[in-house]
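A look at the structure
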Amino acid sequence: MNLAALTMTFLALVAVPQGEQGKPVAVRIVAVQAYNSGQKTKQFGRGLEEIRAALKDIKFDTYRLVKAATVNVPYNKEARVPINAKYSLYIIPLSKESRGRIKLKVRVAMAPEGRQKKPVNAVMTTVVAVPGKQFKLRGLPLDRGELIVVLSVAVHNGPVA
Amino acid sequence: MSECRWTPRVERWFDGESAEAEMVEQHLAVCAVCAEHLARLQVIRGGAEAVAVREAIGEPQLPAFIDGIRERVERPVRWRAGFWTLVSLSAGALIVALSTLYLLTGGPQEALATEVESYSTELEGATVTTYLSEDGTATVWVSMPEKELR
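A quick note: this is a predicted structure, and the numbers were derived from the prediction, not measured.

**A closer look at the overall build of chain B**
Within chain B, the regular secondary structure consists of 6 helices and 3 strands. Along chain B, helices and strands appear, N-terminal first, in the series α-α-α-α-α-β-β-β-α. Taken across its 150 residues, chain B has 19% of its residues classed as buried. Restricting the contact set of chain B to residue pairs at least 6 apart, pairs at least 24 apart contribute 27%. Counting every atom, chain B has about 11,500 Å² of accessible surface; 58% of that belongs to carbon and sulfur.

**Side note on the nonpolar core**
Grouped together as the largest cluster of nonpolar side chains are 39 residues, with contacts concentrated most on Tyr87(A), Leu89(A), Leu137(A), Leu140(A), Val149(A) and Leu151(A). In this structure, Leu140(A) is in contact with Tyr87(A), Val108(A), Ala122(A), Val123(A), Gly145(A), Glu146(A), Leu147(A), Leu123(B) and Val142(B), ignoring residues within four places of it in sequence. One finds Val32(A), Leu48(A), Ile51(A) and Phe60(A) within the second-largest nonpolar core, a separate group that totals 12 residues.

**A few points about unusual backbone geometry**
Peptide bonds are, in most cases, trans, and in most cases residues other than glycine have a negative phi. All names here are of chain A. Positive phi values are uncommon outside glycine, yet Arg99 reaches one of about 55°. Mapped onto the fold, Arg99 is located in the loop between strand E5 (87-96) and strand E6 (102-110). Phi is positive for Asp143, close to 50°, though the residue is something other than glycine. With respect to the helices and strands, the residue Asp143 is situated in the loop between strand E8 (135-142) and strand E9 (145-155).

**Some details on the confidence of the model for chain A**
The share of residues in chain A with pLDDT of 70 or more is 83%, and the mean pLDDT across the chain is 86. Contacts for the low-pLDDT stretch residues 13-19 of chain A, under 50 throughout, to residues beyond four places or in other chains number 6 contacts.

**Digging into the interface of chain A and chain B**
Residue-level contacts link 38 residues of chain A with 39 residues of chain B. Where chain A meets chain B, there are 2 salt bridges. Across the salt bridge formed by Lys103(A) and Glu117(B), the nearest N and O atoms sit 3.2 Å from each other. In this assembly, chain A and chain B are joined by 17 residue pairs in polar contact (both at pLDDT 80 or more). Elements with a minimum of two residues in the side of chain A that touches chain B: helix H1 (2-19), E6, strand E7 (120-129), E8 and E9 of chain A.

**Section: the pairing of strand E2 (residues 127-132) of chain B**
On a regular strand, each side chain points to the face opposite its neighbour's, so the side chains alternate between the two faces of the sheet. Residue and element names in this part refer to chain B. The pairing of E2 with strand E3 (residues 138-143) spans 6 bridges and is antiparallel. Following the sheet pairing, Thr130 is matched in E3 by Val140. If you look at the hairpin formed by E2 and E3, you'll find 5 residues sitting between the two strands, and Gly136 has a positive phi there, around 90°.

Thresholds applied
Residues numbered from 1 in each chain as written. Chains lettered and ligands numbered in written order. Predicted model: local features only at pLDDT ≥ 70, side-chain atom pairs only at ≥ 80, totals over all residues. Heavy atoms only, no water. Helix = DSSP H or I, 4+ residues; strand = E, 2+ residues; numbered from the N terminus. Buried < 20%, exposed > 50% of the residue type's maximum accessible area, 1.4 Å probe, protein only. Contact = heavy atoms within 4.5 Å. Areas by Shrake-Rupley, 256 points an atom, 1.4 Å probe, with all protein chains shown as cover. Core = buried A, V, L, I, M, F, W, Y, C linked by side-chain atoms within 4.5 Å. pLDDT = per-residue confidence, 0-100. Salt bridge = Lys/Arg side-chain N within 4 Å of Asp/Glu carboxyl O. Polar contact = N/O pair within 3.5 Å; in protein donor to acceptor, adjacent residues only side chain to side chain. Pairing = 2+ DSSP bridges.

Here's what the structure looks like:
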């Protein structure tokens, strides 16, 4: 009886990580406009508390929230998150990797301008993300500064930083 | 050890298989070698008989004997033996479970950082690089041509 209970506990423990593969990936997105406004210390607008550490290395003095969202994306499905009229973010979770990490393809597409007829992929990247740890895309021009997109992932109800 | 040609006859007589008992007895009376051999045979037989004696349980001891068997059969298994068996099984199962989890998850995640496997841009004149900031945040950085940022 005891042996049977131990065996079932063991199987349950082993089965949990494998079962997570089918669950959608929760992706937290915070898009920020960074620019200089002549401030002596860095000024963060409302809603940026969760990403202040990720902005530490950026030299602009003013940060303004453009978009914050959390989306649940199934593996191998693409989710689109409009950031503003100019940029849209696309995310495809590809696979679950070792140590609970998640491989995903992320791109920021720029709406057609002038004679362009199709959106342009302003940046495309494939990352192996650690759940709960942030990563960011930066450098795309936005008004008088640049666009910064901070992302983090989690599986199901896990941590989304 | 010296031998006498009567030795086989003496042994058969000793085993009760001799048809010439009287002659053997007469020979034993005069042959020191056979007499000594007979003495050895008697010692061996005495030892064998001593080993073969079994203790018998007499009528008076029988109730106590039966009670002893019953007590031994009905005595519950010592709980400590069961406890240690359970502890051993639990420890074994825990080691197997933790090892399997470690293999499946690849170990602790504290030292992990997000890896940027590939990066590119379709923007004309732009370049892309990647770096890891001091706090461990992986960053993909698009650098635009100077005129774009004005």
